[in-house]
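Here is how the chains run, residue by residue.
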Amino acid sequence: MPSSSPSTTAPTTTVLPGRATPDSATTSPHAYDAGLLLLRLVLGLTMAAHGSQKLFGWFGGGGIDGTGQFFTMSGYPAGNAMAVVAGLTETLGGLALAVGLLTPLAGAAIVGTMVNAIAVTWGGGFFAPKGSEYELLLTAGAAALALTGPGRYAVDRFLPVLRAHRLAYGAAAVLVGLVTAGVILLLRK
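Model, not experiment: these values are computed from the prediction.

Description of the overall build of the protein chain
Next up, step 1: The number of helices and strands found in the protein chain is six helices and zero strands.
Next up, step 2: Counting every position in the protein chain, which comprises 189 residues, the buried fraction comes to 36%.
Next up, step 3: Contacts in the protein chain between residues far apart in sequence, at least 24 positions, make up 61% of those at least 6 positions apart.

Overview of the packing of helix α1 (residues 29-56) against helix α3 (residues 79-99)
What describes two packed helices is the angle between their axes and the distance between those same axes.
Next up, step 1: Two elements in contact, α1 and α3, have axes separated by 7 Å at closest approach and are oriented at 155 degrees. Overall, the two elements α1 and α3 adopt an arrangement that is roughly antiparallel. Pair α1 / α3 crosses with left-handed handedness. For the pair α1 and α3, the contacting residues are Arg40, Leu41, Leu43, Gly44, Leu45, Met47, Ala48, His50, Gly51, Ser52, Lys54 and Leu55 in the first and Ala83, Val84, Ala86, Gly87, Leu88, Glu90, Thr91, Gly94, Leu95, Leu97, Ala98 and Val99 in the second.
Next up, step 2: For the contact of α1 with α3, the per-class residue count stands at 14 nonpolar, seven polar and three charged.

Digging into the nonpolar core
Next up, step 1: Counting 17 residues, the largest nonpolar core has Leu43, Leu97 and Ile110 as the members making the most contacts within it.
Next up, step 2: Secondary structure elements with two or more residues in this core: α1, α3, α4 (103-121), α5 (133-148) and α6 (167-187).
Next up, step 3: If near-sequence neighbours (up to four positions away) are discounted, Ile110 is found in contact with Met47, Thr89, Glu90, Gly93, Gly94, Leu97, Leu138 and Ala142.
Next up, step 4: Within the second largest apolar cluster, five residues are counted, among which are Phe71, Tyr76, Met82 and Ala86.

Some details on the pattern of salt bridges
Next up, step 1: Under the counting rule described, the total for this entry stands at two salt bridges.
Next up, step 2: In this structure, the salt-bridge partner of Lys54 is Glu90, at a minimum N-O distance of 3.0 Å. Residue Lys54 is located in helix α1, and its partner Glu90 is located in helix α3; the two are separated by 36 residues in the primary sequence.
Next up, step 3: On the basis of relative accessibility, which here comes to 2%, the residue Glu90 falls in the buried class.

So, the packing of α5 against α6
Next up, step 1: Packing of α5 against α6 brings their axes to within 6 Å, and their N-to-C directions diverge by 145 degrees. Touching Ala143, Ala146 and Leu147 of α5 are Leu167, Gly170, Ala171 and Val174, all from α6.
Next up, step 2: For the contact of α5 with α6, the residue count by class is six nonpolar, one polar and no charged.

Some points on the side chain of Glu90
Next up, step 1: Of note is the side chain of Glu90, whose polar atom sits 3.3 Å from the backbone nitrogen of Gly51.
Next up, step 2: The residues contacting Glu90, other than those within four sequence positions of it, are Met47, Ala48, His50, Gly51, Lys54, Ile110 and Thr113.

Focus on unusual backbone geometry
Next up, step 1: Even without glycine at this site, Ala78 takes up a positive phi of about 50 degrees.
Next up, step 2: We classify Ala78 as exposed; its relative accessible area is 52%.
Next up, step 3: In this model, Leu102 sits at a positive phi of 50 degrees, which is unusual for a non-glycine residue.
Next up, step 4: Take Leu102: it is sitting in the loop between α3 and α4.

The rules behind the values
- Residues numbered from 1 in each chain as written.
- Predicted model: local features only at pLDDT ≥ 70, side-chain atom pairs only at ≥ 80, totals over all residues.
- Heavy atoms only, no water.
- Helix = DSSP H or I, 4+ residues; strand = E, 2+ residues; numbered from the N terminus.
- Buried < 20%, exposed > 50% of the residue type's maximum accessible area, 1.4 Å probe, protein only.
- Contact = heavy atoms within 4.5 Å.
- Axes fitted to C-alpha atoms, helices over the stretch in contact; angles between N-to-C directions.
- Parallel < 35°, antiparallel > 145°, perpendicular 65-115°, else oblique.
- Left-handed = near helix turned anticlockwise from the far one by under 90°.
- Nonpolar A, V, L, I, M, F, W, Y, C, P; charged D, E, K, R; others polar.
- Core = buried A, V, L, I, M, F, W, Y, C linked by side-chain atoms within 4.5 Å.
- Salt bridge = Lys/Arg side-chain N within 4 Å of Asp/Glu carboxyl O.
- Polar contact = N/O pair within 3.5 Å; in protein donor to acceptor, adjacent residues only side chain to side chain.

Below is the structure:
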């Protein structure tokens, strides 16, 4: 016999993180993407400026020679070559993060460079000016972007392979950055 009362079971709906449903008040996807854009811009441009200090001596940096001397004093072989590698990695990785181009690899490049920076500042405590809090924050931000992807407002949206970001891409890229950092640290005296 048919019942005249409404059904008490609601239809099942799959809700994606950050996606609004008609009956819920969640963050809009545009807010999520705008937040990732802001993080990419600030982190990426900060790293690009930091790399340009090494490469060109801009923003009060030491240029290749001054940075090379610092690398040599910090125990790295071939200080000038290491300055060029670090400067290019920071500049190009930072610019790629800012525009959202090859985001997992750009994040991994920053992670690898910053792990080495943490190793150099490690004995000075946690807080600035001699600590590693700044480097740790940059490392975590870059790893987070590699893992989450760049969001909707990025060049990666136009690349077929990276259009749909996968956690596996980000995790693999971060692992590559960490392994590369480890190899470079093994060269350090």
